[in-house]
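Per-entry structural report
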Amino acid sequence: MSLKAPSSGRLRHLPSPPRGEGLFVAVVAALLLSTAALAEPAPTPDAPLADAAEEARAQALFEEVRCVVCQHESIADSPAGIAADMRRLVRDEIASGKTDQAVREDLVRRWGDYILFRPPFRLSTLLLWLGPFLLALAGLAVILMRARRPRGTAVEGLSDEEEARLAKLLSDETIRPDPDANRPHD
């Protein structure tokens with residue numbers, strides 16, 4: 001069995017892709033591949049302190065300090081690179097002989113009171129400590145004020161003029177709510 005070329009002599013051409021499609025695909029591929037280069041490198045593994053008592057102090061401090069990137073995690077639980085740097089900083093300060101309070105003060109000096117999960121009670125942190133209670137009191141005050149307010153007044157009836165106009169509209173057969181409706185389905 002032999003294959004013959006079409007007798008018309010014309011070659012069939014495949015449709016070419018729209019112009020710019022190849023460039024678009026190349027740009028998207030380049031952007032997707034470049035995200036790996038822009039990603040934060042994995043932090044180096046933590047090196048615990050040689051003294052077990054100092055390491056226990058460091059671990060206790062890690063639980064008290066908020067990660068500045070994650071903000072809802074302590075630096076003990078955070079995988080962020082800055083958290084690893086903060087853990088290293090706490091370990092270095094403990095190894096140099098600083099007390100836990102001195103380490104906390106240094107962290108607050110660098111990042112502010114927000115860095116601690118339990119910030120100190122001062123004038124500058126007053127809103128942090130009392131804000132939830134004030135918000136709850138304001139909500140309770142709104143609820144009480146709404147409960148004490150008299151209920152809405154009763155809706156007044158129609159005036160005599162409006163009653164007459166309504167009666168006229170209802171009695172008039174030419175005005176129908178739906179022109180396509182038949183009599184039983186009005």
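What you see is a predicted model, and the numbers here were worked out from it, not measured in a lab.

1. Digging into the overall build of the protein
The secondary structure content of the protein amounts to six helices and zero strands. Seen in sequence order, the protein has helices and strands lined up from the N terminus as α-α-α-α-α-α. The 186 residues of the protein split such that 18% are buried. By sequence separation, contacts in the protein at least 24 residues apart represent 46% of the contacts at least 6 residues apart.

2. As for a nonpolar patch on the surface
Taken together, the side chains of Phe 121, Leu 123, Leu 126, Leu 127, Leu 128, Trp 129, Leu 130, Phe 133, Leu 134, Leu 137, Leu 140 and Leu 144 present a nonpolar region at the surface, about 1300 Å² in accessible area. Topologically, Leu 144 is positioned in helix H5 (residues 126-148).

3. Considering the side chain of Arg 66
Inspection of the secondary structure puts Arg 66 in the loop between helix H2 (52-64) and helix H3 (81-95). No salt bridge is formed by the buried Arg 66; its nearest oppositely charged neighbour, Asp 113, is found at 11 Å. From its side chain, Arg 66 meets the backbone oxygen of Tyr 114 in a polar contact 2.8 Å long. Aside from chain neighbours lying at most four places away, what touches Arg 66 is Gln 71, Glu 73, Ser 74, Ile 75, Met 86, Tyr 114, Ile 115, Leu 116 and Phe 117.

4. Side note on the packing of H3 against helix H4 (residues 100-111)
The N-to-C vectors of H3 and H4 enclose an angle of 140°; their axes lie 10 Å apart at closest approach. Judged by the angle between their axes, H3 and H4 are oblique. Read as a crossing pair, H3 and H4 show a hand that is right-handed. Facing Met 86, Leu 89, Val 90, Glu 93 and Ile 94 of H3, the residues of H4 in contact are Val 103, Asp 106, Leu 107, Arg 110 and Trp 111.

5. Concerning H5
Helix length check: H5 (23 residues) gives 32 Å between terminal C-alpha atoms against 33 Å at 1.5 Å per residue, within 8%. The sharpest bend along H5 measures roughly 35° and falls at Pro 132.

6. Structural notes on the environment of Phe 62
Tracing the backbone shows Phe 62 in helix H2. In sequence terms Phe 62 and Arg 87 are 25 residues apart; their C-alpha atoms lie 6.8 Å from each other.

7. Thoughts on the environment of Ser 74
Among the secondary structure elements, Ser 74 is positioned in the loop between H2 and H3. Classification of Ser 74 by relative accessible area gives buried; the value is 4%. With 41 residues separating them along the chain, Ser 74 and Ile 115 place their C-alpha atoms 9.4 Å apart. Residues contacting Ser 74, with those up to four places away along its chain left out, are Phe 62, Glu 63, Val 65, Arg 66, Cys 67 and Phe 117.

8. Observations regarding the confidence of the model for the protein
The predicted model of the protein averages 80 in pLDDT, with 75% of residues at 70 or higher. Ranking the helices and strands of the protein by mean pLDDT puts H4 first, with 92, and helix H1 (residues 21-38) last, with 75.

9. With respect to the side chain of Glu 64
Positionally, Glu 64 belongs in helix H2. Discounting residues that sit within four places of it in the chain, Glu 64 has contacts with Arg 104, Ile 115, Leu 116, Phe 117 and Arg 118.

10. Observations regarding the packing of H2 against H4
To describe two helices that pack against each other, one gives the angle between their axes and the distance between the axes. At a minimum axis separation of 11 Å, H2 and H4 run at an interaxial angle of 35°. Where H2 crosses over H4, the handedness of that crossing is right-handed. Touching Arg 57, Leu 61 and Glu 64 of H2 are Asp 100, Val 103 and Arg 104, all from H4. Residue composition of the contact of H2 with H4, grouped by class: two nonpolar, no polar and four charged.

11. With respect to helix H6 (residues 160-171)
Its 12 residues give H6 an end-to-end C-alpha distance of 17 Å, which sits within 8% of 16 Å, the value for a rise of 1.5 Å per residue. For H6, the buried fraction is low: zero of the 12 residues fall into the buried class.

Parameters at a glance
Residues numbered from 1 in each chain as written. Predicted model: local features only at pLDDT ≥ 70, side-chain atom pairs only at ≥ 80, totals over all residues. Heavy atoms only, no water. Helix = DSSP H or I, 4+ residues; strand = E, 2+ residues; numbered from the N terminus. Buried < 20%, exposed > 50% of the residue type's maximum accessible area, 1.4 Å probe, protein only. Contact = heavy atoms within 4.5 Å. Patch = residues over 30% accessible without salt bridge, like charges linked within 9 Å, V, L, I, M, F, W, Y side chains within 5 Å. Areas by Shrake-Rupley, 256 points an atom, 1.4 Å probe, with all protein chains shown as cover. Salt bridge = Lys/Arg side-chain N within 4 Å of Asp/Glu carboxyl O. Lys, Arg positive; Asp, Glu negative; His and termini not counted. Polar contact = N/O pair within 3.5 Å; in protein donor to acceptor, adjacent residues only side chain to side chain. Axes fitted to C-alpha atoms, helices over the stretch in contact; angles between N-to-C directions. Parallel < 35°, antiparallel > 145°, perpendicular 65-115°, else oblique. Left-handed = near helix turned anticlockwise from the far one by under 90°. Expected span 1.5 Å × (residues − 1). Bend = angle between axes of the 7 residues up to and from the residue. pLDDT = per-residue confidence, 0-100. Nonpolar A, V, L, I, M, F, W, Y, C, P; charged D, E, K, R; others polar.

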